[in-house]
Amino acid sequence: MIVVFGGTTEGKQVARFLEEKELAYLYSTKTEAEPFVMVHGKYRFGALDVRGMEHLFRQRNVSAVIDAAHPFASLLHETVSDVCLRFSIPVIRFERIYDLPREAAYSKNIYYSSSFPEAIDLLRFLKPKRVLAMTGVQTIDALRSYWKEHEMRVRILPSGKSVMFAQKQGFPLGNLILLKPSGLIEEESRIIRAYGIDCLLVKESGNSGFLPVKITAAMLCGIPVVIVKRPKLPDSFITVTKRSELNRELERISKLHHAGE
């Protein structure tokens, strides 16, 4: 059995690939996701600690793990690495693409930070009047020390669950922008101008997180961008970005598995 940690665009790509190959798999997400057609796969949701993951792997007789979860799901990545090293289970990381607009490499308006505290220090250095954080509702607490003292808008998904989460964090509801990412430069630029934003805060979420679109929109509007860099993946992960590479690694793992029987 293969376990896929998904909940992302990449997770669904992996699931479709395994369906085409007619391979049995378990698709796992932290929170309940929208259903999609699975013939050879089964679905579960809920966060897993080390003990929970160990129980799941024993129960399902797991032979390989494909980590296609969000790049910022650090705790999951660490838990997967820890458990799989103990069980001698190989982990394939199906990674997203991280292309940036060519102009971004030469722009003096692009700032990188290795963490949210460092990003907050950068924002205080830049002294914008109104920041727009496109980092998701789960980052509101990490940004607390900034929005408590400075004006910040946060764009979150237009769902009751997201609004309730923001409310529980004490974030001003009037400063929320309830919109899904459009993936369109024109729409992102319109939002920046409509809300009088003079600085953008984003995560290094790759192409499927619309990072190039967000950066291009900010550059067109002439405002700085602070990017929180993605966490480093465990060294034990085998990283691939293409279906052909994924297929190659699964075939290699299958041969090793059969040779060890």
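See the structure printed just above.
As the structure is a computational prediction, the values presented were derived from the model and not from experiment.

### Details of the environment of Leu-75
Move 1: With respect to the secondary-structure elements, Leu-75 resides in helix H3 (residues 74–87).
Move 2: Along the primary structure Leu-75 and Thr-135 are separated by 60 residues, whereas in three dimensions their C-alpha atoms are 17 Å apart.

### Quick word on the sheet that holds strand E2 (residues 25–29)
Move 1: On the basis of which strands lie adjacent, the open sheet formed by 6 strands has the order E3-E2-E1-E4-E5-E12 and parallel pairing. With partners counted over all chains shown, the strands left at the sheet margins are strand E3 (41–45) and strand E12 (238–240), one partner each. Shown here is a sheet whose adjacent strand axes are inclined to one another by a mean of 25°, direction ignored.
Move 2: Summarising the sheet, strand E1 (residues 2–5) and E2 pair through 4 bridges and their orientation is parallel. Bridging across to E2, Val-3 finds its partner in Leu-26.

### Quick word on the packing of helix H2 (residues 50–60) against H3
Move 1: Viewed as axis vectors pointing N to C, H2 and H3 meet at an angle of 50°, and their least axial separation amounts to 10 Å. When the axes of H2 and H3 are compared, the pair comes out oblique. The two elements H2 and H3 cross, and the hand of that crossing is right-handed. Judged by residue contacts, Val-50, Met-53, Glu-54, Phe-57 and Arg-58 of H2 engage Leu-76, Thr-79, Val-80, Asp-82, Val-83, Cys-84, Arg-86 and Phe-87 from H3.
Move 2: Considered class by class, the residues forming the contact of H2 with H3 number 8 nonpolar, 1 polar and 4 charged.

### Some words on H3
Move 1: Counted at 1.5 Å a residue, the expected span for H3 with its 14 residues is 20 Å, and the 20 Å between its end C-alpha atoms agrees.
Move 2: Buried residues of H3: His-77, Thr-79, Val-80, Ser-81, Val-83 and Cys-84, and no others.
Move 3: Buried residues along H3 sit in contact with E1, H2, strand E4 (64–67) and strand E5 (91–94).

### Re the packing of helix H7 (residues 185–194) against helix H8 (residues 211–220)
Move 1: Running from N to C, H7 and H8 point in directions that differ by 50°, and their axes come no closer than 8 Å. Relative to H8, the element H7 is oriented oblique. Where H7 crosses over H8, the handedness of that crossing is right-handed. Here H7 contributes Ile-185, Glu-188, Ser-189, Ile-192 and Arg-193 to the contact with H8, which in turn contributes Val-213, Lys-214, Thr-216, Ala-217, Ala-218 and Leu-220.
Move 2: Of the residues in the contact of H7 with H8, the class split is 6 nonpolar, 2 polar and 3 charged.

### Observations regarding the sheet that holds strand E8 (residues 152–156)
Move 1: One open sheet holds the 6 strands; their spatial order is E6-E11-E10-E7-E8-E9, and the pairing between them is parallel. Because the sheet does not close on itself, it has two edges, and the strands there are strand E6 (110–113) and strand E9 (176–178). For this sheet the average axis-to-axis angle between neighbouring strands, irrespective of direction, equals 20°.
Move 2: Taken together, the 4 bridges between E6 and strand E11 (residues 225–228) define a ladder with parallel strand orientation. Paired with Ser-113 across the strands is Val-228, a residue of E11.
Move 3: Packing of helix H4 (residues 116–126) onto the sheet brings it into contact with E6, strand E7 (131–134), E8, strand E10 (199–203) and E11, and relative to E6 it is tilted by some 145°.

### A few points about unusual backbone geometry
Move 1: The phi angle at Glu-22 is positive, at roughly 60°, despite the residue not being glycine.
Move 2: Relative to the helices and strands, Glu-22 is located in the loop between helix H1 (9–21) and E2.
Move 3: Given the relative accessible area of 59%, Glu-22 is considered exposed.
Move 4: For Asn-61, which is not glycine, the phi dihedral falls at a positive 50°.

### Topic: the nonpolar core
Move 1: Leu-123, Leu-143, Met-152, Val-154 and Leu-201 are the most contacted members of the largest nonpolar core, which has 23 residues in total.
Move 2: Elements with a contribution of two residues or more to this core: H4, E7, helix H5 (144–147), E8, E10 and E11.
Move 3: Among all residues touching Leu-143, those that are not within four sequence positions of it are Phe-116, Ile-120, Ala-133, Thr-135, Met-152 and Leu-201.

### Details of the pattern of salt bridges
Move 1: In total, this model carries 16 salt bridges according to the counting rule given.
Move 2: In this structure, Glu-10 engages Arg-96 in a salt bridge whose closest nitrogen and oxygen atoms are separated by 3.1 Å. You can see Glu-10 sitting in helix H1 and its partner Arg-96 sitting in the loop between E5 and E6, a full 86 residues away along the chain.
Move 3: Glu-10 gets classed as buried once you look at its relative accessible area, which sits at 5%.
Move 4: Among the residues examined, Arg-96 registers a relative accessible area of 7% and is labelled buried.
Move 5: Across the pair Glu-54 and Arg-86 runs a salt bridge whose closest N-O atoms are separated by 2.5 Å. Of this pair, Glu-54 sits in helix H2 while Arg-86 sits in helix H3, and the two are 32 residues apart along the sequence.
Move 6: Among the ionic contacts, a cluster of salt bridges with common partners joins Glu-54, Asp-82 and Arg-86.

What counts as what
Residues numbered from 1 in each chain as written. Predicted model: local features only at pLDDT ≥ 70, side-chain atom pairs only at ≥ 80, totals over all residues. Heavy atoms only, no water. Helix = DSSP H or I, 4+ residues; strand = E, 2+ residues; numbered from the N terminus. Pairing = 2+ DSSP bridges. Axes fitted to C-alpha atoms, helices over the stretch in contact; angles between N-to-C directions. Parallel < 35°, antiparallel > 145°, perpendicular 65-115°, else oblique. Left-handed = near helix turned anticlockwise from the far one by under 90°. Contact = heavy atoms within 4.5 Å. Nonpolar A, V, L, I, M, F, W, Y, C, P; charged D, E, K, R; others polar. Expected span 1.5 Å × (residues − 1). Buried < 20%, exposed > 50% of the residue type's maximum accessible area, 1.4 Å probe, protein only. Core = buried A, V, L, I, M, F, W, Y, C linked by side-chain atoms within 4.5 Å. Salt bridge = Lys/Arg side-chain N within 4 Å of Asp/Glu carboxyl O.

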